[in-house]
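Here is what each chain is made of, one letter per residue.
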Amino acid sequence: MPTSKFLAEPEIEEATVYSTLRSRGVSRRRFLQFCSVMTATLALPDSYLTRVADALETKQRPVMVWLEFQDCAGNSESMLRTSAPDIAAFVLDLVSLNYHEVLMAGSGKFADKALQDSIRQYKGKYIVVVEGAIPHGDGGVYCTIGGRTALSIVQEVCKDAAAVIAVGACAWDGGLVAASPNPTGATGLQTVLPGTTVVNLGGCPHNPANTAAVLTHYITFGELPALDQYNRPLFAYGRLIHDQCERRAHYDAGEFVEEWGDDGSRKGFCLYKMGCKGPESTFNCPTVRWNNATSWPVKAGHGCIGCAAPRFWDTMSPFYRRLPSVPGFGVDVPIGEIGAVLLGAVAVGSAAHGISRAIRFRKEPSEHNTSADPEPSTPPDGKPIPNEKEN
Amino acid sequence: MARVVIDPVTRIEGHLRIEAELQGGKVSDAWSSGTMFRGIEIILRDRDPREAWIWAQRICGVCTTVHAMASVRAVENALGVEVPDNARLLRNIIAASQNVQDHVIHFYHLHALDWVDVTGALKADPAKTSQIAQSISDWPKSSAVYFKSVQDRVKGLVASRQLSIFTSGYWGHPDYRLPPEVDLLAVAHYLEALEFQREYIRLHAVLGGKNPHLQTFLVGGMATSIDPNEPQAVLNPERIDLLRQLATMGETFVNQVYVPDILAIASYYPDWFQRGEGLGNFMTYGDYPAGGLKSVASYGFKRGMILNRDLSTVHPVDPAQITENVARSWYEYDGASGTSLHPSEGQTHPKYAGPQPPYEFLDVEAKYSWLKSPRYNNMPMEVGPLARMLVNYAAGQTDVKSAVDGALLAAKLQPQALYSTLGRVAARGLEAKVLAAKLSGWIDELDANMNRGELRIHNGEMWDPASWPKQAQGTGLHEAPRGSLGHWVEIEDRKIKNYQVIAPTTWLAGPRDANGVRGAYEASLLNTPLVNPEQPLEILRTVHSFDPCLACAVHVVDAAEVELAHEILTCA
């Protein structure tokens, strides 16, 4: 059997997240900053900060194995871009990433041994992350690793896991690989693991801030965060993009990009007419953003493609076709017909969401909701859409 | 004879398997197999060509921009659309920064552990590491205290007994030759490069909303609005400044960390400048237009071929000479088509003919891969950074010539040392140096356009499908980090009729062709010595020197009149 110099080291008390951080000179202050970011992403009240910090100080770093099947490695790359914690802290301090084909040192037999050792030594305690779809067609010959099918590997590895997380659209519901006509008979992870709760972090790719937050929640509370009907964490997938969008005020004002590169595009007008799927998609993309909160697609001038929606490749495309109609007004209403109150509100720069609320209050007072919950939204085509209610 | 199997080959993109036969401690034959197929070309059929780039982009999340680029170019070529100057500049900036980012990640995170023993760093004297660091570079993070902190971090990891990504290395392998102090230097820069890649690629987030999978390309241009007087424009003076800062940061890291590290590490492995030479034929489509895409002569990186390692002549490239071969791939072509077709009329009918899983060995005498085998005029070609550097060196491109000559002088090597495993590694670093330097020029041009009121980013003449001809065909060529990438699209009745991709890794990692001729991976592995077949480190060195991207390498196409068509993609 392959051996490793590292594994020959004498047994020492296993490390917690904080002790590992401290050993590399991370200050208490920076540690608490990290805890604070995680608490905020999880939408937990501030009072939970100490609980998160206590857990990371005292609980053992969990072992993680990350499997890739029919994927593009985009979710691995997205994880590399995580900023809170950074990727070095993620793989060296927050978890022990014992198997991950993109980053791990060993290949072939050594890689396989690392996987087998992890699932045996940490039986019932390790976390599995899966990236990519799993093909069933023709006996699973469309994805093999070490001569074994993706299906047989995933079922063996997930059997004794403490938690199973699907990152990205492909692992969630087959994603692009399962898009019509699904040439390889690809499915998402849940389909091959009946009876197991798979946490789905959809998106193309997943947003690493959410993934880190799920892990922090797991380490802190010993359980997964609250999930919606698709087993997606509510803190990340509970609200419509449209309701959190920085361009929402322009939608409500009837100000749209009409052609690519026009005046409206330079003024940051709404992209609804260019096919934006924000009104039908839930995700915290506009608030968490990407790449150290630098931007997100709508801010960068292109409509949302609804990448966090179920079976989005088939249900949200054609991506440049505008959605049939969306509740609220603006789209087909000339600016002049919209009340001066609204324009005034835009002029003073009220938050977009507050504006939409004001409009709806005027129009349909009964819908006004003073709680923090997002407003109910009716899909234009009557299709059921993901549950937007926060618990 | 013994058979060595490496599956999975890790620290790559995708699913690659290498089988090698050993004789007298050396590789006597080798087979490269891609073991995953998705069928993206089949999935693209009947969809709106304007959004093909969004789908094709998902061929690869590592070289995340390259299939988007090739796709919009193919559709624009089919529809006869020219993009505005700002779109050209934005695309050059995105492509060059993608290359720099990919090359840095490749060297530190996908390749370095073939040369660097992480456990060696534990024994290092940080003060000596500091001296070495300061002798090779002006990079400021070079104090003994700093390297001590990195060493402590590695020690802490060992003490925790949870070694994470370092769990399974070939540590202690006798062919790890670096002194502990250089091991420590490399480990420190491995960690710094993790920070670098996160920060640098914010460039893509500014321009495309996120990375991976930027969302900013359009057939006809880009969605990145530009306006000097609009705070809500995607690019305004403030954001241009941010782009400049990030570009400068990239140039500094490449010049002060990446390139010096390559030279320092390579100096302990001189024999690897004489091994892994492979095919000796090199091809590049060229890229980075200074004007319209059709004006190939204006490209910053030239198009051309080097044959038989002869740098005295740069041969022209005629894309009509490209074919894809399926004699040893798990596909079949229609009866009359033989086993070789030009991609514009390519077919992809997947037909698995390998052993039923679980299996121990592939039947390498028959078909053995989901990759096809591309050929140019029936010859296999090496594509990638080495091909680009050689062609531009031979063509006398000043920036490439000065970078290559400078490195050869510093390493006391002749140009023929480039035909090797470490030659590929060095060429990649030198390309990053050249491209990192070009970035600021394009940002300046963009800034100048903006300030003189040239704000166009999109040509909408052909946006409305009603304006399209009933049928159209187009080709989109691009130089991706791993080499030459081509997309071929056929449009009929406003929908995609046929779509075909030949990715760089298809060129490199493909199996044998109908004549039994090996591709680049297989050829380059011949005669590789293995100290310990249980730890085939030497095979990984050469395979990794190509930077495999298997998801790209497998694609799918359909034939006219045939209902099913598939392809596999090998990566950029």
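Residues numbered from 1 in each chain as written. Chains lettered and ligands numbered in written order. Predicted model: local features only at pLDDT ≥ 70, side-chain atom pairs only at ≥ 80, totals over all residues.

Novice: For this particular structure, what's the right way to read the sheet that holds strand β1 (residues 2-6) of chain B?
Specialist: Across a sheet, paired strands are connected by hydrogen bonds in the backbone, their directions being either parallel or antiparallel. All names here are of chain B. Pairing is antiparallel in the open sheet, where three strands are placed in the order β1-β2-β3. In this open sheet, the two strands that pair with only one neighbour each are β1 and β3 (26-34). Adjacent strand axes in the sheet meet at a mean angle of 20°, parallel and antiparallel pairs treated alike. As paired strands, strand β2 (residues 16-23) and β3 are joined by eight bridges and run antiparallel to one another. Of the residues in β3, the one forming a bridge with Ala20 is Ala30. (Pairing = 2+ DSSP bridges. Helix = DSSP H or I, 4+ residues; strand = E, 2+ residues; numbered from the N terminus. Axes fitted to C-alpha atoms, helices over the stretch in contact; angles between N-to-C directions.)

Novice: What should I look at first to understand the sheet that holds strand β8 (residues 322-325) of chain B in this one?
Specialist: All names here are of chain B. Across the sheet, which stays open at both edges, the three strands sit in the order β10-β8-β12 with antiparallel pairing between neighbours. At either margin of the open sheet sits one strand with a lone partner, and together these are β10 (340-341) and β12 (373-376). Where β8 lies against β10, two bridges are found, and the strand directions are antiparallel. Bridge pairing in β10 places Asn325 opposite Ser340.

Novice: Please clarify how the confidence of the model for chain A should be interpreted in this entry.
Specialist: Residue and element names in this part refer to chain A. Across chain A, pLDDT averages 82, with 79% of residues at or above 70. Note on residues 1-13: pLDDT under 50 across the span, and 24 contacts to partners over four residues away in sequence or across chains. Throughout residues 332-391 the model reports pLDDT below 50, and contacts reaching past four residues in sequence, or to other chains, amount to 75 contacts. (pLDDT = per-residue confidence, 0-100. Contact = placed C-beta atoms within 7 Å.)

Novice: In this structure, what is going on with the domain arrangement of chain A? I would like to understand it.
Specialist: Size of an interface, as often reported, equals the accessible area lost when the parts are brought together. For chain A, the domain assignment lists domain 1 (14-237) and domain 2 (241-367). Taken together, the contacts link 18 residues of domain 1 of chain A with 15 residues of domain 2 of chain A. (Domains from an automatic or database assignment.)

Novice: So what exactly am I meant to see when it comes to the environment of Tyr200 of chain B here?
Specialist: All names here are of chain B. Position of Tyr200 relative to the elements: it lies in helix α7 (residues 180-200). Exposure remark for Tyr200: the 23 C-beta atoms within 10 Å place this residue in the buried category. Taking the C-alpha atoms as reference points, Tyr200 and Val100, 100 residues apart in sequence, are found 9.3 Å from one another. Residues in contact with Tyr200, not counting those within four places in the same chain, are Gln101, Leu246, Met249 and Gly250. (Buried ≥ 20, exposed ≤ 12 C-beta atoms within 10 Å, placed from the backbone.)

Novice: Would you explain the interface of chain A and chain B in this entry?
Specialist: Taken together, the contact between chain A and chain B spans 90 residues of the former and 96 residues of the latter. Counting residues per element, the ones that place at least two in the side of chain A that touches chain B are α1 (17-23), α4 (74-80), α5 (87-94), β2 (96-100), α6 (108-121), β5 (144-145), β6 (148-149) and α14 (263-266) of chain A. Partitioned by chemical class, the residues of the side of chain A that touches chain B number 40 nonpolar, 32 polar and 18 charged. (Nonpolar A, V, L, I, M, F, W, Y, C, P; charged D, E, K, R; others polar.)

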